[in-house]
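# Chain and residue survey
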Amino acid sequence: MTEQKIAKEKMLTIDKELKKTNPVYITVDRLVSKMKLSVLAEKIIRAIASNIAEGNCTNLEDLSLYTNIETSINTKTFCEVFNYKNDNCFTNLADAREELQYTGFFLPGKTRPTASLINNSYVKNGNMYFQISPLVLPYYVGKGIDYELINIINFKNVNTFKFYEFLLDKLKNENEAIFTLSFEETKEMFHVAKKYERYTDFKNNVLKPILKDINEENYNKENFCNIRLSIETIKNNRKITGIQFTITRKEPKIVPVISLNLIKEKLTDQGRVAYDFFQYTSNNGLFEIDNCIREYGEEKLIEIYEYVKYQYEHEKIKTTLKRYAANALKKGWCDPELINKQEKIKNNTIEAPNKPEQLETPKPKETYDERILNKITNMSKKQQQNLYEKILMNYPDKSNFAYQILSSLSDYEQLMTSPGYIKLYIRILKEQKFIDILMDQF
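Please read all numbers here as calculations on a predicted model, not as lab measurements.

### Here's the deal with the overall build of the chain
- A tally of helices and strands in the chain yields 20 helices and eleven strands.
- By the burial criterion, 44% of the 442 residues in the chain qualify as buried.
- Considering only intrachain contacts with a sequence separation of at least 6, the fraction spanning at least 24 residues in the chain is 69%.
- Counting only carbon and sulfur atoms, one obtains 48% of the accessible surface of the chain, whose full area is about 25100 Å².

### Quick word on unusual backbone geometry
- Positive phi, normally seen in glycine, also occurs at N125, with a value near 55°.
- As for its placement among the helices and strands, N125 is situated in the loop between β6 (120-124) and β7 (127-132).
- Despite not being glycine, K172 shows a phi value in the positive range, around 55°.
- Mapping K172 onto the fold places it in the loop between α6 (158-171) and β9 (176-182).

### Remarks on a positive patch on the surface
- On the surface, K156, K212, K330 and K331 cluster together into a patch of positive charge.
- Looking at where K330 falls in the secondary structure, it is placed in helix α13 (residues 321-331).

### Topic: the packing of aromatic side chains
- Per the counting criterion, the structure on display carries 20 aromatic pairs.
- A centroid spacing of 5.0 Å and a plane angle of 45° characterise the contact between F163 and F190, whose relative ring orientation is tilted. Remark: F190 occurs in the loop between α7 (183-189) and α8 (199-215) and F163 occurs in helix α6; sequence separation between them is 27 residues.
- Through pairs of rings, three or more aromatic residues link up here, namely F163, F166, F179, F183, F190, Y196, Y199, F202 and F245.
- Sitting above the plane of the F179 ring, K170 keeps its charged end 5.1 Å from the centroid.
- Cation over ring: K187 sits above F183, and NZ or CZ is 5.0 Å from the ring centre.

### What to know about the side chain of K43
- Tracing the chain through its elements places K43 in helix α3 (residues 39-54).
- There is a polar contact of 3.3 Å between the side chain of K43 and the backbone oxygen of I153.
- Non-local contacts of K43, meaning those with residues more than four positions away in its chain, are made with F78, F82, Y84, I152, I153, F155 and F161.

### Regarding the sheet that holds strand β10 (residues 227-236)
- One open sheet holds the three strands; their spatial order is β9-β11-β10, and the pairing between them is antiparallel. Unpaired on one side and paired on the other, β9 and β10 mark the two borders of the sheet. Taken pair by pair, the neighbouring strands of this sheet meet at an average axis angle of 20°, ignoring direction.
- Each of β10 and β11 (239-249) is contacted by α8, which is oriented at about 160° to β10, the strand it contacts most.

### Side note on the nonpolar core
- Core analysis: the largest hydrophobic core is formed by 96 residues, its most contacted members being F78, L117, Y140 and Y425.
- Of all the elements, α3 adds the most residues to this core, at nine residues.
- Once residues lying within four places of it in the same chain are set aside, the contact partners of Y425 are I376, L387, Y388, I391, L406, Y412 and L415.
- In terms of nonpolar packing, the next biggest core, distinct from the first, is built from 22 residues, I263, F278, V308 and L329 among them.

### What to know about the pairing of β6
- Along β6, the buried face is formed by S121 and V123; none of N120, Y122 and K124, which line the opposite face, is buried.
- Strand direction decides the pairing type here: β6 and β7, joined by five bridges, are antiparallel. If you follow K124 over to β7, its bridge partner there is N127.
- The antiparallel pairing of β6 with β7 creates a hairpin that spans two residues between the two strands, and N125 there sits at a positive phi of about 55°.

### A look at the confidence of the model for the chain
- Looking at the chain as a whole, its pLDDT mean stands at 78, while 76% of the residues score no less than 70.
- For residues 253-261, every residue scores under 50 in pLDDT, and the model assigns this stretch 13 contacts once sequence neighbours within four places are set aside.
- Scored below 50 in pLDDT, residues 350-361 shows 14 contacts in the model against residues more than four places distant or in partner chains.

### As for helix α12 (residues 298-313)
- End to end, α12 covers 23 Å across 16 residues, agreeing with the expected 22 Å (1.5 Å per residue, within 8%).
- Looking at α12, one finds that the buried residues are E298, L301, I302, E303, I304, Y305, E306, Y307, V308, K309 and Q311.

### Notes on the pattern of salt bridges
- Inspection of the entire model under this criterion finds seven salt bridges.
- In this structure, the salt-bridge partner of K309 is E313, at a minimum N-O distance of 2.0 Å. Separated by four residues within a single helix, K309 and E313 lie in helix α12, roughly one turn from each other.
- The buried category is assigned to K309, whose relative accessible area is 8%.
- By relative accessible area, E313 is classed as partly exposed at 46%.
- Via salt bridges that share partners, R30, E42, R46 and E165 belong to a single interconnected network.

How each quantity is defined
Residues numbered from 1 in each chain as written. Predicted model: local features only at pLDDT ≥ 70, side-chain atom pairs only at ≥ 80, totals over all residues. Heavy atoms only, no water. Helix = DSSP H or I, 4+ residues; strand = E, 2+ residues; numbered from the N terminus. Buried < 20%, exposed > 50% of the residue type's maximum accessible area, 1.4 Å probe, protein only. Contact = heavy atoms within 4.5 Å. Areas by Shrake-Rupley, 256 points an atom, 1.4 Å probe, with all protein chains shown as cover. Patch = residues over 30% accessible without salt bridge, like charges linked within 9 Å, V, L, I, M, F, W, Y side chains within 5 Å. Salt bridge = Lys/Arg side-chain N within 4 Å of Asp/Glu carboxyl O. Lys, Arg positive; Asp, Glu negative; His and termini not counted. Charge placed at Lys NZ, Arg CZ, Asp CG, Glu CD. Phe/Tyr/Trp six-rings, centres within 6.5 Å; stacked < 30°, edge-to-face > 60°. Lys NZ or Arg CZ within 6 Å of the ring centre and 35° of its normal. Polar contact = N/O pair within 3.5 Å; in protein donor to acceptor, adjacent residues only side chain to side chain. Pairing = 2+ DSSP bridges. Axes fitted to C-alpha atoms, helices over the stretch in contact; angles between N-to-C directions. Core = buried A, V, L, I, M, F, W, Y, C linked by side-chain atoms within 4.5 Å. pLDDT = per-residue confidence, 0-100. Expected span 1.5 Å × (residues − 1).

If you want it as structure tokens, here you go:
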């Protein structure tokens, strides 16, 4: 085998940490592409592009020696960066990765797809791995104008992603840009030339959702998009002939780049108790808890925690503790005098403790999923392994995506090291009626 052939079989690995401040470069191939992808797939593309931009893929000519470029993204970090709840993120990400694997990339001037946007994708130890052909790199890698991932985290409409990049390309390094497109040119840009004969329909279905993504300020209390957009129609008599777009650059926002662990480390003992409570007892992700501390301070977090615990202990919560705690943190429910009242009660006791009594995190009622997990963890290692093998052996549909994930693990212990795998495992037990095997035979 020649040295050149050996070199061509090599894979370039790019291992970078996904951060909200990672740059994404605008590419011509994304702007002209007619591909229609889901919102989650579009976000994955930008996450991959940010990894490549931070990696060593600056000279495309050097990449001719490689057959694949591989990069990885931690699933939990992706969910936190883009504000996805961990409950459904694992399943939705699996669908989006499959979508990218079956979506063909068209090189300019070609009528047939050259390769898929992702050659291969798999999950290992909580990380998503993506393999990309060098032929498809122009879709991910650009030069010059860039933006940060945080600028697009709130986008909820699939048309916004490419149009936002198109607007930045028009704005370049200026603070404001104004340009005009005819009604037909604008429809062609969104690949809906044969739809929406009336401007009103086009505006309601295409333009308004984009304006909402870019301009609206009530997603997570703040919109981190770095531009503002306004539109105005141009008429000839009563007929709309064109649309004028005005792009204005916002003042640069200061986004704190702080490790999640560093935020928690700076808290007092009582603050850490409150932090742990909301992390493990509510629907809130770490991003929301950290946001509360950044905006209102540690004292507010403790006050909300004390309030929730008081309501729970006095049986005043009409819904589940998990949902109530999540709403309390989101809406800032608290009673500032509650801590003082509790201190007075402690001071009136006969014998005061040496240290202030630390409030314990209330234990919610055990859910059905927790019962299943407790049943599994109380089994011996051998019984756990036997159950795992029995499920693989009796799985009805070997082509099912959940089965493929389960069977791809190296052993049962790898399954129990990841919360995402554990949730998938419990879901399989319930959906495929393997729960009978668990309860009856073990």
